[in-house]
Structures are given as structure tokens and as C-alpha cells.
Amino acid sequence: MYFIHPGDITIDSYTQAMEEQFGKGNTRIIDTERTLGGHKYTGKKLFFKLAGIPLTMEVYVLPAKTGSKLLVLQDHPQNNSKTSEEGENALDMLSKTFRATIVSNKADSGAGK
């Protein structure tokens, strides 16, 4: 998921809100990093269960001139693995094709000018 928000959102504020939603006793949060498009991003990884199903969520804040951009990657690991096979394939493709651009969050960002 990719979120653009006009205000300032930090990784900590977002992950704390998710922890409250999923339950503090049901959520574990660790620091993580991932290389996307040749750039290393640091973030947080949440481990939690929703309706008894184990899920993970990685959260990264991307560069923005104004407001906040969050990249949130969710996965449903299988057989106690860290990442599902589908997740590994998607992450591999994303890491090879990702390109972060810094643009204004306004509709007239100047793109194409």
C-alpha cells in the first residue's frame, strides 16, 4: 500500500497506531531495512495475528517535499517462514523496479512541465 498524507506521519506514530488496533499483546515490532531501487530504507516490521492468521507489515517513510509518503508492505508468511513465496517474488520485483520521486502532494506537482 502507498499512502500520501498532507501532514507529517512518522514510522513510530503509524506503527503505534497499528499496534493499538491489532492489540499490544498480539503485536511485535522490530527495526528493518530494505533496498529498493538501489536505495536503502530503514523502517519497522510488525508481526501480528488477525483472526488467528499470522501477518507481517513493513512500514517505510519515503522522501517527500511536503507531507508524508508511506510504503506499507503486507504479507502472510507460510509454514513459519519470514516471507511467503509470493511475497518474496513481489519484493524481488519491487526492489528491482522501485524509483522514489520527490514531488509535491498537490495536484499541480509540476509533472510534465
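Use the structure listed above.
These numbers come from a predicted model, not from an experiment.

A tally of helices and strands in the protein chain yields two helices and five strands. Along the protein chain, helices and strands appear, N-terminal first, in the series β-α-β-β-β-β-α. Here the protein chain holds 113 residues, and 32% of them are scored as buried. Of the contacts formed within the protein chain by residues at least 6 apart in sequence, a portion of 46% connects residues at least 24 apart. Looking at the protein chain as shown, the accessible area adds up to about 7,600 Å², and 51% of this sits on carbon and sulfur atoms.

Let us look at the environment of leucine 55. With respect to the helices and strands, the residue leucine 55 is situated in strand E4 (residues 53–62). Taking C-alpha positions, leucine 55 is 9.5 Å from glutamine 78, a pair spaced 23 residues apart along the chain.

In the sheet, strand E2 (residues 27–36) pairs with strand E3 (residues 39–50) via ten bridges, with the strands oriented antiparallel. The residue bridging glutamate 33 from the neighbouring strand is threonine 42, located in E3. Following E2, the chain reverses through two residues before pairing antiparallel with E3; glycine 37 in that reversal takes a positive phi of roughly 60°. In this sheet, E4 lies alongside E3 in antiparallel orientation, the contact comprising eight bridges. Within E4, the residue paired with lysine 45 across the bridge is glutamate 58.

This brings us to the packing of aromatic side chains. Aromatic ring pairs are defined here through the distance separating the ring centres and the angle between the ring planes. Taken as a whole and assessed by the stated rule, the structure comprises two aromatic pairs. Ring geometry for phenylalanine 3 against tyrosine 14: centres 6.2 Å apart, planes inclined by 45°, an arrangement best described as tilted. One end of the pair, phenylalanine 3, is in strand E1 (residues 2–5); the other, tyrosine 14, is in helix H1 (residues 11–22), with eleven residues separating them in the sequence. Classification of phenylalanine 3 by relative accessible area gives partly exposed; the value is 33%. In this structure, arginine 28 is placed above the aromatic ring of phenylalanine 47, and the distance from its NZ or CZ to the ring centre is 4.3 Å.

Attention shifts here to the nonpolar core. Nonpolar side chains tend toward joint burial in soluble globular proteins. Among the nonpolar cores identified, the biggest contains ten residues, and these are Tyr14, Met18, Phe22, Leu46, Phe48, Leu55, Met57, Val59, Leu70 and Val72. Listing elements by their share of this core, those giving two or more residues are H1, E3, E4 and strand E5 (68–75). Dropping the residues within four chain positions of it, tyrosine 14 is found in contact with Phe3, Ile9, Met57, Val59, Leu70 and Val72. One finds Tyr41, Tyr60, Leu71 and Leu73 within the second-largest nonpolar core, a separate group that totals eight residues.

Calculation criteria
Residues numbered from 1 in each chain as written. Predicted model: local features only at pLDDT ≥ 70, side-chain atom pairs only at ≥ 80, totals over all residues. Heavy atoms only, no water. Helix = DSSP H or I, 4+ residues; strand = E, 2+ residues; numbered from the N terminus. Buried < 20%, exposed > 50% of the residue type's maximum accessible area, 1.4 Å probe, protein only. Contact = heavy atoms within 4.5 Å. Areas by Shrake-Rupley, 256 points an atom, 1.4 Å probe, with all protein chains shown as cover. Pairing = 2+ DSSP bridges. Phe/Tyr/Trp six-rings, centres within 6.5 Å; stacked < 30°, edge-to-face > 60°. Lys NZ or Arg CZ within 6 Å of the ring centre and 35° of its normal. Core = buried A, V, L, I, M, F, W, Y, C linked by side-chain atoms within 4.5 Å.

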